[in-house]
Amino acid sequence: MEFNWENEVIFVTGASSGLGKALALMAGELNATVISIARNEEVLKEVTNEINGSGGSGYYYCFDLENISQIPEFYKEIVQEVGKTPTILINNVGYQVAGFVQNTPVEVYNKNYRVNTLAPIALIQCALPDMINHNKGVIANVMSSIMYHAFPGVSSYCASKCALGAIHESLKTELSGTNVKTLRIRPGSFKSNYWENTDVDGRISDFKLPAGNGLRDPSFVATKICEAIERGDSEINLSTLKDKIGYHLSYWAPGTLDKIIADKNRNFVKKYPDKKTAMANY
Ligand SMILES: NC(=O)c1ccc[n+]([C@@H]2O[C@H](COP(=O)([O-])OP(=O)(O)OC[C@H]3O[C@@H](n4cnc5c(N)ncnc54)[C@H](OP(=O)(O)O)[C@@H]3O)[C@@H](O)[C@H]2O)c1
């Protein structure tokens, strides 16, 4: 059967910024029913108005996804109000934490996992029974190239995304034989508020943002994701050439890659000796 976005109900987390916002707007343009989830009400309202003005059907829900125990109730509320269950769930929410293992409080890891890893699991557990009942669905998880190799200064983020990747792998094979598909998204680097939203937890005094110049627009990534959904792909990998080289090095010459990263990190710490942590732009 030909894919028709008008039949799709798409839940997008992190829809107030960057990739999530671009995905919500694009799905709206394609006339899908779009449920946008994030905390910033003002932006979610704007996104939803735009969707409703462009032929789609938009709804928004302000929710802090850190509150994982409230997710089942939250999901029920959405389904009741919208009167539809999701056919596509995009677990896009995610933020980065900067800090060395030695001085990143465990609570900072805990919060980062709740948002980046546990909230996606909780949403999958809510949506999956409905998708299986309707014999149709796509569960898409947004990963990162750090799954190729974890970097210093961002262990919490790396671990949270690796864990999500492992859960995705298990789910993919658990769903084999059903009509519910999984889509693993490696979006590569793109322009967003990701760096501004990095939680430095007070440990970096003059956190330097990598220049956004030359990075892709999130709407490019969103287009590729929508095309992958239409084709029924299970994987989309927009990682940069540098990331891909890193991946091959980590497989074939892990010692060399470790050395390159460790040297870069040492140089960074030498250059900024006052910092208690390092966040190099690899
Ligand atoms: N940008 C990149 O180069 C890049 C590369 C690889 C992977 N990624 C991944 O791509 C995904 C999207 O990131 P982005 O770059 O578009 O970042 P972004 O611009 O910072 O957007 C993050 C979104 O997550 C929402 N969010 C954060 N914490 C939340 C919470 N506790 N509860 C609910 N919503 C929350 C934010 O909305 P509110 O603040 O309104 O809640 C925002 O809508 C993330 O999973 C990220 O790890 C990004």
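Everything numeric here is computed off the predicted structure, so don't read it as measured data.

Student: How would you summarise the overall build of the protein chain if you had to cite specific residues and measurements?
Tutor: The helix and strand tally for the protein chain stands at eight helices and seven strands. The C-alpha radius of gyration computed for the protein chain amounts to 19 Å, which stays within 12% of the reference 19 Å derived for 282 residues, consistent with globular compactness. Here the C-alpha coordinates of the protein chain stretch approximately 55 × 40 × 35 Å along the principal axes. In the protein chain, buried positions account for 38% of the 282 residues. Excluding contacts between residues fewer than 6 apart, the proportion of contacts in the protein chain whose partners are at least 24 apart in sequence is 74%.

Student: Talk me through the pairing of strand β4 (residues 88-91); I want residue IDs and the actual numbers.
Tutor: Each regular strand carries side chains that alternate between the two faces of the sheet. Burial along β4 is two-sided: Ile88 and Ile90 and Leu89 and Asn91, pointing in opposite directions, are all buried. As paired strands, strand β1 (residues 9-13) and β4 are joined by three bridges and run parallel to one another. Of the residues in β4, the one forming a bridge with Val12 is Ile90. Of the pairings in the sheet, the one linking β4 to strand β5 (residues 137-142) comprises four bridges and is parallel in character. If you follow Ile90 over to β5, its bridge partner there is Ala140.

Student: I'd like a rundown of the packing of helix α3 (residues 71-82) against helix α4 (residues 106-133), residues and numbers included.
Tutor: For the pair α3 and α4, the least separation of the axes is 9 Å and the interaxial angle reads 50°. Taken together, the axes of α3 and α4 lie oblique to each other. Crossing hand, α3 versus α4: right-handed. Only Ala119, Ala122, Leu123 and Cys126 of α4 make contact with α3, whose side of the interface consists of Ile71, Pro72 and Tyr75.

Student: How would you sum up the site of the ligand? Please name residues and give values.
Tutor: If you check the shell around the ligand, you find 27 residues, and the closest are Gly14, Gly18, Arg39, Asn40 and Gly94. The residue inventory of the shell around the ligand, partitioned by class, reads eleven nonpolar, 13 polar and three charged.

Student: Provide a residue-level description of the sheet that holds β1, including the pertinent values.
Tutor: Picture the strands of a sheet paired through backbone hydrogen bonds; they go either parallel or antiparallel. Reading across from one edge, β3-β2-β1-β4-β5-β6-β7 is the order of the seven strands in this open sheet, with parallel pairing throughout. The strands lining the two open edges of the sheet, one partner per strand, are β3 (57-62) and β7 (235-237). Neighbouring strand axes in the sheet, compared pairwise and without regard to direction, differ in orientation by 15° on average. Pairing of β5 with strand β6 (residues 180-186), which is carried by six bridges, proceeds in the parallel orientation. Paired with Val142 across the strands is Ile185, a residue of β6. Packed onto the sheet, helix α5 (residues 155-174) meets β5 and β6 and runs at close to 150° relative to β6.

Student: Got a sec to walk through the environment of Phe11? Specific residues and values, please.
Tutor: Among the secondary structure elements, Phe11 is positioned in strand β1. Beyond its immediate stretch of four places on either side in the chain, Phe11 contacts Ile35, Ile37, Pro86, Leu89 and Ile90.

Student: How would you sum up the pairing of β3? Please name residues and give values.
Tutor: Taken together, the six bridges between strand β2 (residues 33-38) and β3 define a ladder with parallel strand orientation. The partner of Ile35 across the bridge, within β3, is Tyr59. At this point the chain moves from β2, through helix α2 (residues 41-53), to the parallel β3, and the crossover so formed is right-handed.

Student: Can you explain the packing of α4 against α5? Please cite residues and give values.
Tutor: Packing of α4 against α5 leaves a shortest axis separation of 9 Å and a crossing angle of 20°. Comparing the axis directions of α4 and α5 gives the class roughly parallel. Relative to α5, α4 is oriented so that their crossing is right-handed. Listed contacts from α5 to Val108, Tyr109, Asn112, Tyr113, Asn116, Thr117, Pro120, Ile121 and Ile124 of α4 are Ser156, Tyr157, Ser160, Lys161, Ala163, Leu164, Ile167 and Leu171. Here the residues of the contact of α4 with α5 sort into eleven nonpolar, five polar and one charged.

Student: Run through the nonpolar core, naming residues and quoting values.
Tutor: Counting residues in hydrophobic clusters, the biggest one holds 53 residues, and the most contacted among them are Ile10, Val12, Leu23, Ala24, Ala27 and Ile225. Filtering out sequence-adjacent residues up to four positions away, Ile225 remains in contact with Leu23, Ile185 and Ile236. One finds Val97, Ala98, Ile146 and Val154 within the second-largest nonpolar core, a separate group that totals five residues.

Thresholds applied
Residues numbered from 1 in each chain as written. Predicted model: local features only at pLDDT ≥ 70, side-chain atom pairs only at ≥ 80, totals over all residues. Helix = DSSP H or I, 4+ residues; strand = E, 2+ residues; numbered from the N terminus. Rg over C-alpha atoms; globule rule 2.2 N^0.38 Å. Buried ≥ 20, exposed ≤ 12 C-beta atoms within 10 Å, placed from the backbone. Contact = placed C-beta atoms within 7 Å. Pairing = 2+ DSSP bridges. Axes fitted to C-alpha atoms, helices over the stretch in contact; angles between N-to-C directions. Parallel < 35°, antiparallel > 145°, perpendicular 65-115°, else oblique. Left-handed = near helix turned anticlockwise from the far one by under 90°. Near = placed C-beta within 6 Å. Nonpolar A, V, L, I, M, F, W, Y, C, P; charged D, E, K, R; others polar. Right-handed = clockwise from strand over helix to strand, strands pointing away. Core = buried A, V, L, I, M, F, W, Y, C linked by C-beta atoms within 7 Å.

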